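# Structure at a glance
Residues per chain, in single letters:
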Amino acid sequence: MSIILSTLNARYTHASLGLRYLLANMGELQSQTEIMEFVIGGKTTEFAERLLAKKPRIIGFGVYIWNVEETARLVALLKRVAPDVKIILGGPEVSFETAEQAIVKDADFVVTGWGEVTLPDLCRQIINGPQPLMKIHAGVQAKLADLALPYQLYTDEDIKNRTLYVEASRGCPFKCEFCLSALDKTAWPFELTRFLDEMETLYQRGARLFKFVDRTFNLNINTSLQIMQFFLDKIAAHPDDSIFAHFEVVPDHLPEALREGIMKFPPGALQFEIGIQSFNPEVQTLVSRKQNNEKAADNIRWLVNHTQAHLHVDLIAGLPGETAESFGAGFDALYALRPHEIQFGILKRLRGTPIIRHTDEFAMKYDPFPPYTILANRDIDFTTMQRLVRFARYWDLVANSGRFANTLIVLLGDAPFASFMAFADWLYANTDATHRIALDRLASMVCKWLQLGGMSKDEAEKLLLSDYAGKQPKVSEKKTSAPQRQQMHLSMG
């Protein structure tokens, strides 16, 4: 193969949509191009050996916040053992603050931003000449109608074993400063009939799990309704053949027509990712987030009470102007709405995002290494931020796992944030661990904590037994971290 398109995915089930877009748009070079995906955590030398076994002239890497360190090691190794192979980088992590990065210094070329037009042109120059003179190439933003869609490049193995990422639109009209989509001017839709024809082909091939990466699925209600109707028709025709669709929705925009469509979905067929991020109006203004909190709360409450949709709602700790106390108040307000999952995230400084303008005024201190997590700021010191980090981890283990549904209600009482923070502090003090806590041990620790709160051992064990015996965890593949979701929207990888 002359050209290999590669990336290191966060896990095997995450099939790269960006690589498939690139391959679909390689034109006459497509027959000379191959995708090779790896998973972070593997051996760099093995990755390099497998890549070089194809004897490529060009290797293109999609670089993201979660794989940049390992990809940097791989690129450095490749340039030492195979210096004649041209290395091209792309993706959100190298599209901003480009020149200062070590991985860029080792590579031959970088495509910033959209890659579907610029990468094939660059490869043609490398293969056919004249050789490109510039190292950094700004990606040309193509009209969506001119792009070849990538969905036929999902293999039968992908359809059988992996999450299929799809997009009915690109971009976002909102300007939330912590998000890469703040750089978009608007949202651009793909032609709907063409897109749904591709979804039909995927369905006929056996696809049943569709994860939409659109930033604002419910921005255009007519489009939303037609896409939902596509899935409802499949469910009606084959009620025993389960299908699952995941959408990211704007929390304060849920008109009646959309509500009527959502109510038709059976249990297990529909998941909504809802970004609240903060309920603090002052913080929302600081980060340019436009959100009607009252409408957002009403919509979440309605979805919980009147639909079968699974709700995954996001909050971000560490935003400028947000204190631990105001964040806790927002957490309590969200928990009172009873979404199925609260994804408690810690702010990351994604390269290129406007959040950097608050660095000095709010003394924002970020980890210098990926994923650039906030360490402290003017209102939350380092020690408190680490307590919040542990809270987030334990919340995933206890609450979002679904294993302690009945126990959690008692554990949280009428002060959810304060109660769980106290539990998290105690759990860390008594385990010195935030990862790899065996389920039996975790249940035992929860039992002890309940007893410290005044419950008898027999009562605590009975409560836990109501959850713990035979309880199965939720399907984790349906959940993707915020930085991953934000970085999936730039197409070079």
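Scroll up to find the structure.
Presented here is an overview of the structure given in this document. Owing to the predicted nature of the structure, the values given are computational and were not obtained by experimental measurement.

What counts, and where the lines are drawn
Residues numbered from 1 in each chain as written. Predicted model: local features only at pLDDT ≥ 70, side-chain atom pairs only at ≥ 80, totals over all residues. Heavy atoms only, no water. Helix = DSSP H or I, 4+ residues; strand = E, 2+ residues; numbered from the N terminus. Buried < 20%, exposed > 50% of the residue type's maximum accessible area, 1.4 Å probe, protein only. Contact = heavy atoms within 4.5 Å. Areas by Shrake-Rupley, 256 points an atom, 1.4 Å probe, with all protein chains shown as cover. Lys, Arg positive; Asp, Glu negative; His and termini not counted. Charge placed at Lys NZ, Arg CZ, Asp CG, Glu CD. Axes fitted to C-alpha atoms, helices over the stretch in contact; angles between N-to-C directions. Parallel < 35°, antiparallel > 145°, perpendicular 65-115°, else oblique. Left-handed = near helix turned anticlockwise from the far one by under 90°. Nonpolar A, V, L, I, M, F, W, Y, C, P; charged D, E, K, R; others polar. Disulfide = S-S within 2.5 Å. Pairing = 2+ DSSP bridges. Right-handed = clockwise from strand over helix to strand, strands pointing away. Arc of directions from axis to C-beta. Phe/Tyr/Trp six-rings, centres within 6.5 Å; stacked < 30°, edge-to-face > 60°.

Here we come to the overall build of the protein. Per the secondary structure count, the protein includes 18 helices and 16 strands. With the C-alpha coordinates of the protein rotated into their principal frame, the extents come out at 75 × 50 × 45 Å. For the protein, the proportion of its 493 residues judged to be buried stands at 57%. Pairs at least 24 residues apart make up 74% of the contacts formed inside the protein by residues separated by at least 6 positions. Here the protein displays about 20900 Å² of accessible surface, and carbon together with sulfur accounts for 52% of that area. Of the charged side chains in the protein, 53 are positive and 58 negative; the average position of the first set lies 3 Å away from that of the second.

This part takes up the environment of Thr186. Positionally, Thr186 belongs in the loop between strand S8 (169-171) and strand S9 (187-189). For the pair Thr186 and Arg170, spaced 16 residues apart in the sequence, the C-alpha separation amounts to 8.5 Å. Apart from the residues within four sequence positions on either side, Thr186 is in contact with Arg170, Gly171, Cys172 and Pro173.

To continue, consider the packing of helix H2 (residues 44-52) against helix H3 (residues 68-81). Between H2 and H3, the shortest axis-to-axis distance is 10 Å and the interhelical angle comes to 55°. Here H2 is positioned oblique relative to H3, judged by the angle of their axes. For H2 against H3, the interelement crossing comes out right-handed. Between H2, through Thr44, Thr45, Phe47, Ala48, Leu51 and Leu52, and H3, the contact on the second element is made entirely by Arg73, Leu74, Leu77, Leu78 and Val81. Looking at the contact of H2 with H3 residue by residue, the classes come out as eight nonpolar, two polar and one charged.

Following the criterion strictly, the structure yields zero disulfides and no others. Cys172 carries a free sulfur, and the closest cysteine sulfur to it, the one in Cys179, is 6.5 Å from it.

Turning to the pairing of strand S5 (residues 109-112), a few remarks are in order. Across the two faces of S5 the burial is the same, with Phe109 and Val111 and Val110 and Thr112 all buried. By the bridge criterion, three bridges tie strand S4 (residues 86-90) to S5 in an arrangement that is parallel. Note on S5: the bridge partner recorded for Gly90 is Val111. Crossover S5 to strand S6 (residues 136-138) through helix H5 (residues 118-128) is left-handed.

If you check which residues of H2 are buried, you get Thr44, Phe47, Ala48 and Leu51. The buried residues of H2 occupy an angular sector of 95° when projected down its axis, which confines them to one face. Opposite the packed face of H2, turned more than 90 degrees from it, sit the exposed residues Thr45 and Glu49. For H2, the elements touching its buried residues are strand S1 (3-9), strand S2 (33-39), strand S3 (58-62) and H3.

Okay, the packing of aromatic side chains next. Considering all chains together, one arrives at 31 aromatic pairs under this definition. On the numbers, 4.8 Å between centres and 35° between planes, the contact of Phe327 with Phe344 is tilted. One end of the pair, Phe327, is in helix H12 (residues 324-336); the other, Phe344, is in strand S14 (residues 341-346), and 17 residues separate them in sequence. Accessibility classification places Phe327 together with Phe344 in one group, the buried group.

With that out of the way, let us pick up the sheet that holds S2. Read across the sheet, six strands follow the order S2-S1-S3-S4-S5-S6 without closing on themselves; strand pairing throughout is parallel. The outermost strands of the open sheet, each flanked by one partner alone, are S2 and S6. Recorded for the sheet is a direction-independent mean angle of 20° between the axes of neighbouring strands. Examined bridge by bridge, S1 and S2 share seven bridges and lie parallel to one another. Looking at S2, one finds that Ser6 is bridged to Met36. Running over the sheet, helix H1 (residues 17-24) touches S1 and S2 and is turned about 175° from S2. Set on the sheet, H3 makes contact with S1, S3 and S4; between it and S3 the angle comes to about 170°.

Below, the discussion takes up the side chain of Thr407. Structurally, Thr407 can be placed in helix H14 (residues 405-412). Once residues within four sequence positions are removed from consideration, Thr407 is found in contact with Val446, Leu450, Leu463, Leu464 and Asp467.

Before going further, it helps to examine the environment of Val75. For Val75, the position within the fold is in helix H3. Between the C-alpha atoms of Val75 and Phe61, which are 14 residues apart in sequence, the distance is 8.8 Å.

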